[in-house]
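# Tertiary structure, described
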Amino acid sequence: MECRFSSSKCMTMSQIEKTYSSQFSSVRQLVQVKSTPLFCSYRGMYAKASHSSTPNNTYVPKKSMDSVDGQKLGAGNLLYQINGTNSSLFSRNLRMLDAFDDEYGGVIVDLERLPANPNVFASMLRFSVSHWKAKGKKGVWLKLPIEKSDLVPVAVKEGFEYHHAERGYVMLTYWLPEGPSMLPANASHQVGVGGFVINDKNEVLVVQEKYCAPPFSGLWKIPTGFIVESEEIFTGSVREVKEETGIDTEFVEVVAFRHVHNVAFEKSDLFFICILKPLSTEIMVDDHEIEAAKWMPLVEFVEQPLIQQDCMFKKVIDICIACLGKRYCGLSVHQLASTFDGKISSLYYNVIDSQHNNCIGN
């Protein structure tokens, strides 16, 4: 290497590590150098590469030092001979985060290759954001698993915002262009289901919840719950009834749904009431969340004061009774494929099928 400088000296690799230990404390752990090359430091001017080839066990600058921040000089732009292979190790580990493009012009950071060291992560993140901006990228999605939660404040300090969190990770985002973010917001709704199950004796399957608000203490209600991720409404209703009461059922139709806002965590709530056909009779109560369960005569169920005094509850029961009398047609589920996204969807709609005489309408 030919060094051009106003004043210079040569340092061994061990001296470089000691000098830059505050920025590159993990050098010895990240790279195994088979020899101890000399590094030409400088003041006032940049080093210039003049090698036509790279001998084994040596390094050369990746490119002219003109592109390197003088205060962050060194390992970030050097090629090392590692296990017999030239690799831009620090360019990968100290400069750019591994990421891939999404279909909307943004980038998704590879969570499997995040650095463990917060200082290294900060340096890489800062450089990566600048690079993505220069490339005209849009949004950045940064998913940090719980085992790397110490990287969260680093990302926030660099301008990332919380998007959503789950049990095992937090998702952060960064909108790169000027103007308001066009990234989709977090989910705005939770989805619940209730199963109205009635047997041949005109008895409704009802439960009393173990944990409920005092005004509803003692209320016998239909089994309810939330559907889980990637679960259908019709399968979720069957599962909830099975979990709470042990009763096997078959989905018939959705007869109504309720929409309310600013409930759990300031989100909106969708609640679907489903008619289910019982396939078994023996009740096995879930002791974790259910106080009691039983088959209750329909008339007794309807006459409960809390139902009679609540116009919405009463309306739901009226709809279910009308559906049983075939005076009301609910929404049955149909599995259809769409060329728009190539996926199978569940479409709920009303069909008056005289052949099967499911519903004769009003």
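Scoring rules and cut-offs
- Residues numbered from 1 in each chain as written.
- Predicted model: local features only at pLDDT ≥ 70, side-chain atom pairs only at ≥ 80, totals over all residues.
- Heavy atoms only, no water.
- Disulfide = S-S within 2.5 Å.
- Core = buried A, V, L, I, M, F, W, Y, C linked by side-chain atoms within 4.5 Å.
- Buried < 20%, exposed > 50% of the residue type's maximum accessible area, 1.4 Å probe, protein only.
- Helix = DSSP H or I, 4+ residues; strand = E, 2+ residues; numbered from the N terminus.
- Contact = heavy atoms within 4.5 Å.
- Phe/Tyr/Trp six-rings, centres within 6.5 Å; stacked < 30°, edge-to-face > 60°.
- Pairing = 2+ DSSP bridges.
- Axes fitted to C-alpha atoms, helices over the stretch in contact; angles between N-to-C directions.
- Patch = residues over 30% accessible without salt bridge, like charges linked within 9 Å, V, L, I, M, F, W, Y side chains within 5 Å.
- Areas by Shrake-Rupley, 256 points an atom, 1.4 Å probe, with all protein chains shown as cover.
- Salt bridge = Lys/Arg side-chain N within 4 Å of Asp/Glu carboxyl O.
- pLDDT = per-residue confidence, 0-100.
- Expected span 1.5 Å × (residues − 1).
- Polar contact = N/O pair within 3.5 Å; in protein donor to acceptor, adjacent residues only side chain to side chain.

### Some remarks on the state of the cysteines
One pass over the structure, following the stated rule, counts zero disulfides. For Cys320, which is in no disulfide, the shortest distance to another cysteine sulfur is to Cys323 and amounts to 7.1 Å.

### Brief notes about the nonpolar core
Grouped together as the largest cluster of nonpolar side chains are 23 residues, with contacts concentrated most on Leu97, Phe121, Trp132, Val140, Leu142, Leu144 and Phe160. Looking at which element gives the most residues to this core, the answer is helix 4 (residues 118-134), with seven residues. Ignoring sequence-local partners within four residues, the contact set of Leu97 consists of Val109, Leu114, Pro115, Phe121, Met124, Leu125, Ser128 and Trp132. In this structure, Ile198, Val255, Met296 and Cys320 belong to the second largest nonpolar core, which totals 22 residues.

### Details of the packing of aromatic side chains
Counting across every chain of the model gives four aromatic pairs. Aromatic pair Phe251 and Tyr348: ring centres 6.4 Å apart, planes at 85 degrees, arrangement edge-to-face. Of this pair, Phe251 sits in strand 14 (residues 249-260) while Tyr348 is found in strand 18 (residues 344-349), placing the two residues 97 residues apart along the sequence. Across this residue pair, the class does not change: Phe251 and Tyr348 are buried.

### Comments concerning the sheet that holds strand 8 (residues 139-145)
Across a sheet, strands are paired by hydrogen bonds formed along the backbone, either parallel or antiparallel in direction. Within the open sheet, the five strands sit side by side as 6-7-8-10-9. Their pairing is mixed. Two strands in the sheet have a free side with no partner beyond their single neighbour: strand 6 (99-101) and strand 9 (161-166). Adjacent strand axes in the sheet meet at a mean angle of 20 degrees when their direction is disregarded. With two bridges connecting them, strand 7 (residues 107-109) and strand 8 associate as parallel partners. Within the sheet, the bridge partner assigned to Ile108 lies in strand 8 and is Trp141.

### Overview of unusual backbone geometry
Of note in the backbone geometry, Asn202 takes a positive phi value of approximately 65 degrees without being a glycine. Turning to its location among the elements, Asn202 is positioned in the loop between strand 11 (189-197) and strand 12 (203-209). You will see that Asn262, though not glycine, has its phi angle at about 55 degrees, which is positive. Inspection of the secondary structure assignment puts Asn262 in the loop between strand 14 and strand 15 (268-278). According to the relative accessible area criterion, Asn262 is exposed, its value standing at 64%.

### A look at a nonpolar patch on the surface
A cluster of nonpolar side chains, namely Leu336, Leu347, Tyr349 and Val351, defines an oily patch on the protein surface of about 320 Å² accessible area. Considering the arrangement of structural elements, one finds Val351 in the segment after strand 18. When its relative accessible area of 39% is taken as the criterion, Val351 is described as partly exposed.

### Section: the pairing of strand 11
Every other side chain in a regular strand lies on the same face of the sheet, so the side chains alternate between the two faces. Of the pairings in the sheet, the one linking strand 11 to strand 15 comprises nine bridges and is parallel in character. Across the sheet, the residue bridging to Val191 is Leu270, located in strand 15. Examined bridge by bridge, strand 11 and strand 13 (residues 224-226) share three bridges and lie antiparallel to one another. Following the sheet pairing, Gly194 is matched in strand 13 by Thr224.

### A word on the pattern of salt bridges
With the rule as written, the count across this model stands at 10 salt bridges. The partner of Lys137 in a salt bridge is Asp101, and the shortest N-O contact between them spans 3.1 Å. Residue Lys137 is located in the loop between helix 4 and strand 8, and its partner Asp101 is located in strand 6; the two are separated by 36 residues in the primary sequence. A salt bridge links Glu243 to Arg239; its shortest N-O distance comes to 3.1 Å. Placement of both Glu243 and Arg239 in helix 6 (residues 233-245) is noted, with a separation of four residues, approximately one turn of the helix.

### Here's the deal with the environment of Ala256
Within the secondary structure, Ala256 sits in strand 14. Ala256 sits 63 residues away from Ile319 along the chain, and the two C-alpha atoms are 7.9 Å apart. Ignoring anything within four residues of it in the chain, the contact list for Ala256 reads Phe271, Phe272, Ile273 and Ile319.

### A few points about the confidence of the model for the protein
Residues with a pLDDT of 70 or more make up 71% of the protein, whose mean pLDDT is 79. For residues 1-14, every residue scores under 50 in pLDDT, and the model assigns this stretch 37 contacts once sequence neighbours within four places are set aside. This model gives residues 16-93 a pLDDT under 50, and the stretch forms 123 contacts once residues within four places in sequence are excluded.

### Focus: helix 9 (residues 311-324)
Working note: α-helix, 3.6 residues per turn, so residues spaced by three or four point in the same direction. Here helix 9 is 14 residues long and its end C-alpha atoms lie 20 Å apart, about the 20 Å a rise of 1.5 Å per residue gives. Residues of helix 9 that are buried: Val316, Ile317, Ile319, Cys320, Ala322 and Cys323. Next to the buried residues of helix 9 lie strand 11, strand 14, strand 15, helix 7 (298-302) and helix 8 (305-308). Where helix 9 begins, the side chain of Asp310 points an oxygen toward the backbone nitrogen of Met312, at a separation of 3.0 Å. A positive phi of about 60 degrees marks Lys326, the residue just after helix 9.

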